[in-house]
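Examining the three-dimensional arrangement
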Amino acid sequence: MNALFAAPEDAFRWVALLQWLWWFTSLHFLLAMLAGLAIQRLVLPRRRWTFVPISVAVLILLALMFPMTGDDHTVARTLQVWTITAAGQVSGLVACLWRDIVSIAVVVFALGLVLKFTPARARAGMVLLLQMVVIALCALVGIDLAYQLATGQPTSSRVLLFAALNVKEVAPLIAPEATSFRALAIGGGIFVAAGWAWHHRRLAALPMLAGRQGWGEGVLALALALGILLPAPAHGFLPLLRHTEGTLITLAKTAAPTLAHDIQLSVAAEFVRTGRPRWHSAQMLARQTEATDRKNVVIVMLESMRAVSTTMYTPTLQTTPFMASLASDSLVVEDMTAVIPRTAAAWVAILGGQYPLANEGTQNWARENRKKPRIRSLPSVLRQAGYATSFFTPTDLHFQNDLDVVDIFNFEFIQTEKELARLGAERVTYFGIADEWMVQPILDWTAIQVRAKRPFFTAVMTNVGHHNFETPSTWRKVVFEGVSNPKLDAYYNCLRYIDGVLSTLMEGYRRLGVLKDTIFVFVGDHGQMFDEHGAKQIHNAIYQEGLHVPTLIYAPGMALAPGRVRGPRQQIDVFPTIAELLGLQIQGAELPGQSLLHAVDPERELFYTSSIDWSFLSARHGHRKYVYSFDREPMEVFDLDKDPKELASLRDVDVEELARMKQRMLEWRINAEASMFAYPSDGLDPSAAWLPR
């Protein structure tokens, strides 16, 4: 239902919720049947057959009383529109529920077999256990529904496992999305299942069905269960395709290992043949050359800032006027994308120059990297070259292992919310305090380096802009005309607030006299979704709204002509760009990025993955973009030249093309993981053998 017509955002507005429900003709059918049954029982109790015509009459009356037409309310037109709408909705409902019926049959048949072979003395305990299993399955389906309503995206077993293993970290993200309707979605099924279990609490004492009845019900359950071997039913509505597989079947499939065994063997064989991973930097050196210019470097990474919501990329939208003014004297990267919609992943791509891993992979990599270094970062090589290095963020970095990731980059000086929070500092998001609280500490640290005449590298990560899109209480809200989505309006205010903080920061750098000696890079960590493609959250959405991020290079003291950087670019390109601007020669490493200072092949391939591992992969090849959901639904293909908002997936795409891109995406994903985990047996010896793990 939500896939066809989104539920109202505010579930406390019960009138809006009832209006939403009324749009679905299946509710009309239900009410007509209940009314027909009640009228038949009261008026014609002995003529049961009248239930059908009475229900049909009530259904027609409802259709006429609540027409779905515009100005044309003629009886014929009203009934025609209602019938067409009902036919589409009912066929879609059948297509979606048929596999769920099969799921129930599989569960019933499996539970029946268990009870059949359970000894009589253990039956009471087994019945209780199976009832708990049924309640748990109902809870699982309810969680899937609530997740769908909150994020607009399908869940998977990997998403649920990630949430279960990171309850403490994930809880603040879930809390703002909790509504009474979503609680009902989870609790309703549990309540019904628990009520059923209580009603049948003496089930264990009843004898097992025998004879024809027992065999008949068993054969029926088996016949329905075998329906799982049939393909999922097709349906014309693309938004319903993700539901036609059935909730439990989908969750079971996403729990299965990814079918990429042959590719893993191929990547392992390539590792043996070449003696090292495809990309690596553990032995990286940055050699000075005649062109070396020891400029300062400041990289500001902007939380959840998507390009389309900034003034630089949408001039009519006044969210970032300061950055827009700065852009006139900067290199503006037109088509910069994140690799993964996750902040820590952006750090690895921007500061490490390597393809990052999803949540679980980054967690494991950070743990292993502490034992044996696997990559070198930009702050690490600059620190070795005599730079003072620092990292500032007003965020608490205890979500998963974010602080471990920052530590791996080998910054000399790190300040997070713990060090920056002072008396009066307001905690704006559930992750940290307002960005304004880090401006003066950044400038104070910079002043120390200026007095010491030491070149410096500073990485800044903002906080405001993160879901749930809150600004400080002292911030005076800006009115953005024509914005009806309250979350989007709040987000725009976050961007306007960040823009003001950046203005203050740059004014501070100007007063310190370092502008002409500094290279500034402003880049988004990832974008954000606001109902585009039905998605409200970012972690599993790899459409352009979540990937396309603003990027400016401002270097007033260098002969860097302002203009536009064109072609497909990615966050991994920042590292080699900074190295070239500083005149450093990178040796002993193989980085996947390309400098932004040079033209790029318009057919360049770019790859992406969702932040929940093995949920989604995506690739761009020229103007085509592919979104692969591991066969949970058909691969989506978009022509970004003709359809930059990815509104209409291309049809009749060559099967061989789809298979080839699927292969390329899986190869990239496995190579990226192999590259991040491989390490040289002797970190100091360039000729030392590399080990895969």
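The paragraphs below set out a description of the structure included in this document.

1. Observations concerning helix α19 (residues 486-512)
Over its 27 residues, α19 extends 40 Å from the first C-alpha to the last, a length consistent with the 39 Å expected when each residue adds 1.5 Å. Gly513 sits one or two residues past α19 and shows a positive phi near 75 degrees.

2. Here's the deal with the packing of helix α4 (residues 75-116) against helix α5 (residues 123-151)
One can describe the packing of α4 onto α5 by two numbers: an axis separation of 11 Å at closest approach and a directional angle of 165 degrees. When the axis of α4 is compared with that of α5, the two are roughly antiparallel. Crossing of α4 over α5 shows right-handed handedness. Counted together, Val107, Leu111, Val114 and Leu115 of α4 and Arg123, Met126, Val127, Leu130, Val134 and Leu137 of α5 form the full contact between these two elements.

3. Description of the environment of Asp407
Among the structural elements, Asp407 can be located in helix α16 (residues 402-408). The class for Asp407 is partly exposed, based on a relative accessible area of 35%. Taking the C-alpha atoms as reference points, Asp407 and Arg370, 37 residues apart in sequence, are found 9.3 Å from one another.

4. Brief notes about the sheet that holds strand β18 (residues 636-639)
The strands making up a sheet associate through hydrogen bonds between their backbones, and the pairing can be parallel or antiparallel. Strand order across the open sheet formed by four strands is β15-β16-β17-β18, with antiparallel pairing between neighbours. In this open sheet, the two strands that pair with only one neighbour each are β15 (605-609) and β18. Across the sheet, the axes of successive neighbouring strands diverge by a mean angle of 15 degrees, strand direction being ignored. Where strand β16 (residues 617-621) lies against strand β17 (residues 624-628), five bridges are found, and the strand directions are antiparallel.

5. Some details on the packing of aromatic side chains
Enumeration over the complete set of coordinates arrives at 22 aromatic pairs. Measuring from centroid to centroid gives 5.4 Å for Phe391 and Phe411, while their planes differ by 50 degrees, and the two rings are tilted. Taken together, the residues Phe391 in strand β5 (residues 388-392) and Phe411 in the loop between α16 and β6 (413-415) connect sequence positions 20 residues apart. Seen from the ring of Tyr608, Lys625 lies directly overhead, with NZ or CZ sitting 5.7 Å from the centre.

6. Overview of the pattern of salt bridges
For the structure shown, the criterion picks out 18 salt bridges. Lys295 is the partner of Asp517 in a salt bridge, and the nearest nitrogen-oxygen pair spans 4.0 Å. Residue Asp517 is found in the loop between α19 and β10 (518-524), and its partner Lys295 is found in the loop between β1 (285-288) and β2 (296-302); the two are separated by 222 residues along the sequence. By relative accessible area, which is 41% here, Asp517 ends up partly exposed. We note a salt bridge from Glu673 to Arg669, for which the minimum N-O separation is 3.0 Å. A residue pair is termed a helical-turn pair when its members lie 3 or 4 positions apart in one helix, as Glu673 and Arg669 do in helix α22 (residues 655-677) at four residues. The network of salt bridges with common partners includes Arg370, Asp404 and Asp407.

7. Looking at the environment of Asp654
With respect to the helices and strands, Asp654 occurs in the loop between β18 and α22. The exposure class of Asp654 is partly exposed, given its relative accessible area of 42%. Polar side-chain contacts of Asp654 include one of 3.1 Å to the backbone nitrogen of Glu656.

8. Thoughts on the sheet that holds strand β11 (residues 551-554)
The strand order β6-β5-β9-β2-β10-β11-β3-β12 describes an open sheet built from eight strands, whose pairing is mixed. In this open sheet, the two edge strands, each paired with only one partner strand, are β6 and β12 (563-565). Averaged over all neighbouring strand pairs, the angle between strand axes comes to 15 degrees, with direction disregarded. Here β2 pairs with strand β9 (residues 456-461) via five bridges, running parallel.

9. What about the side chain of Glu545?
Examined against the element boundaries, Glu545 turns out to sit in helix α20 (residues 544-547). Despite its burial, Glu545 pairs with no opposite charge; the closest candidate is Arg306, at 5.7 Å N-O. Among the polar contacts made by the side chain of Glu545, one reaches the side chain of His533 at a distance of 3.5 Å. When near neighbours in sequence (up to four residues on either side) are disregarded, Glu545 contacts Arg306, Gly527, Gln528, Met529, Glu532, His533, Lys645 and Glu646.

So, how was this worked out
Residues numbered from 1 in each chain as written. Predicted model: local features only at pLDDT ≥ 70, side-chain atom pairs only at ≥ 80, totals over all residues. Heavy atoms only, no water. Helix = DSSP H or I, 4+ residues; strand = E, 2+ residues; numbered from the N terminus. Expected span 1.5 Å × (residues − 1). Axes fitted to C-alpha atoms, helices over the stretch in contact; angles between N-to-C directions. Parallel < 35°, antiparallel > 145°, perpendicular 65-115°, else oblique. Left-handed = near helix turned anticlockwise from the far one by under 90°. Contact = heavy atoms within 4.5 Å. Buried < 20%, exposed > 50% of the residue type's maximum accessible area, 1.4 Å probe, protein only. Pairing = 2+ DSSP bridges. Phe/Tyr/Trp six-rings, centres within 6.5 Å; stacked < 30°, edge-to-face > 60°. Lys NZ or Arg CZ within 6 Å of the ring centre and 35° of its normal. Salt bridge = Lys/Arg side-chain N within 4 Å of Asp/Glu carboxyl O. Polar contact = N/O pair within 3.5 Å; in protein donor to acceptor, adjacent residues only side chain to side chain. Lys, Arg positive; Asp, Glu negative; His and termini not counted.

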